[in-house]
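Examining the three-dimensional arrangement
Chain by chain, the residues:
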Amino acid sequence: MKIFHSISEFRATQKTIVTLGTFDGVHIGHKKIIEKLIQNTANDQYESLILTFFPHPRMVLQEESEIKLLNTIEEKAILLEKTGLDNLIIHPFDKAFSRLTAEEFVKNILVDQFNIHKIIIGHDHRFGRNRTANIEDLIIYGKQYNFEVEQISAQEINDVSVSSTKIRNAILEGNITLANEYLGYDYFLTGTIIKGNQLGRTIGYPTANLKIEENYKLVPQNGVYIVKSILNNTTVFGMMNIGTNPTVKGGNLSIEVHFFDFDADLYDQKIVISILHRIRAEQKFESLDLLKEQLNKDKETSISFLENL
């Protein structure tokens, strides 16, 4: 897959089949659209192309919006590459771009820049300045500029019955099982391991502290989770606490992972933590001994869950 960081970077070498959107989460509903895109280019006569945006349009057009996203832009690219896509354009979204008229978008971008053969789009997609144009307008432009429009019907989308918003809500509620079902993969966090207070070592549960650079990445509800990661080319399981460490009056939000049967220096390494299941909410304990006792129970719960995967 080739990645381009603006529309102007892309040069079409053959006709393209295009879809566009934010694709936050690259969930099972998105994959339905992407599969259609890939199927249309199976004979190598055309190239598949996705146009997506960063920042998310809501971050730009709704300044009060505090939307958190399921994927960082880097994570989204990794997920899209797995689909077999030919070209990904991540265009910087700004107010100037949002003011393009529908016809300017179609003529200057889809036709002149992308050399479009077909666009595959949802039935409810709106585009152009103030989102005034709809699928019917796109079909008219298609006839005018000689490209096809394939519409994803409401029935097809409803059959999947999933949205990025539903997934965000599930994660915020701690329902990681439902979120993973909608995503079609285990929700994951990407970050760098930094030094913490090293308290876990004193009670037999050393932890790796994960720092996520992107403040727009959605972090699940506070609590204890069963997780896995690839460390030194090996799949390693563990449990992760997201919270403020109330037992030791931590205060700041931290993400700490205790890996089972693994002991190696991970400082400054960038790792991916996949979240499998939520065990419980974060709790405050009256002593470190009681905390350790609970962690022992959490480990037993985790191992029992993993044995039944």
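Structural data are supplied above this passage.
Residues numbered from 1 in each chain as written. Predicted model: local features only at pLDDT ≥ 70, side-chain atom pairs only at ≥ 80, totals over all residues. Heavy atoms only, no water.

1. What about the overall build of the chain?
On a plain count of helices and strands, the chain comes out with 11 helices and 12 strands. Projected onto the principal axes, the alpha-carbon positions of the chain cover approximately 75 × 40 × 35 Å. Here the chain holds 309 residues, and the buried ones make up 47% of them. Long-range pairs, those at least 24 residues apart, make up 74% of the contacts in the chain with a sequence separation of at least 6. Here the chain displays about 15,700 Å² of accessible surface, and carbon together with sulfur accounts for 47% of that area. Here the chain holds 33 positive side-chain charges and 40 negative ones, and the gap between their average locations is 3 Å. (Helix = DSSP H or I, 4+ residues; strand = E, 2+ residues; numbered from the N terminus. Buried < 20%, exposed > 50% of the residue type's maximum accessible area, 1.4 Å probe, protein only. Contact = heavy atoms within 4.5 Å. Areas by Shrake-Rupley, 256 points an atom, 1.4 Å probe, with all protein chains shown as cover. Lys, Arg positive; Asp, Glu negative; His and termini not counted. Charge placed at Lys NZ, Arg CZ, Asp CG, Glu CD.)

2. Describing the sheet that holds strand β11 (residues 254-259)
Pairing within the closed barrel is antiparallel, and its six strands lie in the order β7-β8-β11-β10-β9-β12. On average, adjacent strands in this sheet sit at an angle of 45° to one another, irrespective of strand direction. Seen against the sheet, helix α9 (residues 176-183) touches β9 (223-231) and β12 (270-280) and runs at an angle of roughly 125° to β12. (Pairing = 2+ DSSP bridges. Axes fitted to C-alpha atoms, helices over the stretch in contact; angles between N-to-C directions.)

3. Observations regarding the pairing of strand β4 (residues 87-92)
Within β4, five of the six residues are buried, which leaves it mostly tucked inside the rest of the structure. Bridging between strand β1 (residues 2-4) and β4 involves three bridges; their strand directions are parallel. From the neighbouring strand, Phe4 faces β4, where its bridge partner is Ile89. Of the strand pairs in this sheet, strand β3 (residues 47-54) and β4 are connected by six bridges, and their pairing is parallel. Paired with Leu51 across the bridge in β4 is Ile89.

4. Description of helix α8 (residues 164-172)
Within the sequence span of α8, burial applies to Ser164, Ile167, Arg168, Ala170 and Ile171. Axial view of α8: buried residues confined to an arc of 160°, hence all on one face. Close packing links the buried residues of α8 with α1 (28-40) and α9. In the stretch just after α8, Gly174 is the one whose phi turns positive, near 85°. (Arc of directions from axis to C-beta.)

5. A short note on α9
Those residues of α9 that sit buried are Ile176, Ala179, Asn180, Tyr182 and Leu183. On an axial view of α9, the arc spanned by its buried residues comes to 160°, and they lie on one face. Summarising the contacts, the buried residues of α9 are in contact with α1, α8, β9 and β12. Residue Gly184 follows α9 closely and has a positive phi angle near 85°.

6. A closer look at the packing of α8 against α9
Between α8 and α9, the least distance of the axes is 7 Å, while the angle of their chain directions is 155°. Judged on the interaxial angle alone, α9 and α8 are roughly antiparallel. Viewed along their axes, α8 and α9 form a crossing whose handedness is left-handed. Touching Lys166, Ile167, Ala170 and Ile171 of α8 are Ile176, Leu178, Ala179, Tyr182 and Leu183, all from α9. (Parallel < 35°, antiparallel > 145°, perpendicular 65-115°, else oblique. Left-handed = near helix turned anticlockwise from the far one by under 90°.)

7. Focus: the pattern of salt bridges
Across all of its chains, the model carries eight salt bridges by this definition. For Glu74, the salt bridge identified is with Lys270, shortest N-O distance 2.9 Å. You can see Glu74 sitting in helix α3 (residues 73-81) and its partner Lys270 sitting in strand β12, a full 196 residues away along the chain. With its nearest N and O atoms 3.7 Å apart, the salt bridge here joins Lys118 to Glu148. Taken together, the residues Lys118 in strand β5 (residues 116-122) and Glu148 in strand β6 (residues 148-152) connect sequence positions 30 residues apart. By sharing partners, the salt bridges in this structure join Lys36, Lys118, Glu148 and Glu150 into a single network. (Salt bridge = Lys/Arg side-chain N within 4 Å of Asp/Glu carboxyl O.)

8. Section: the pairing of strand β2 (residues 16-20)
In terms of residue burial, β2 counts as a mostly covered element, since five of its five residues are buried. Residues Thr16, Val18 and Leu20 point to one face of β2 and Ile17 and Thr19 to the other, with burial holding for every one of them. Both β2 and β3 contribute to a ladder of five bridges, which runs parallel. Within β3, the position partnered with Ile17 by the bridge is Ser48. A crossover connection joins β2 to the parallel β3 through α1; in handedness this β-α-β unit is right-handed. Bridge analysis of β2 against β5 gives three bridges, and the strand direction is parallel. Looking at β5, one finds that Val18 is bridged to Ile119. (Right-handed = clockwise from strand over helix to strand, strands pointing away.)

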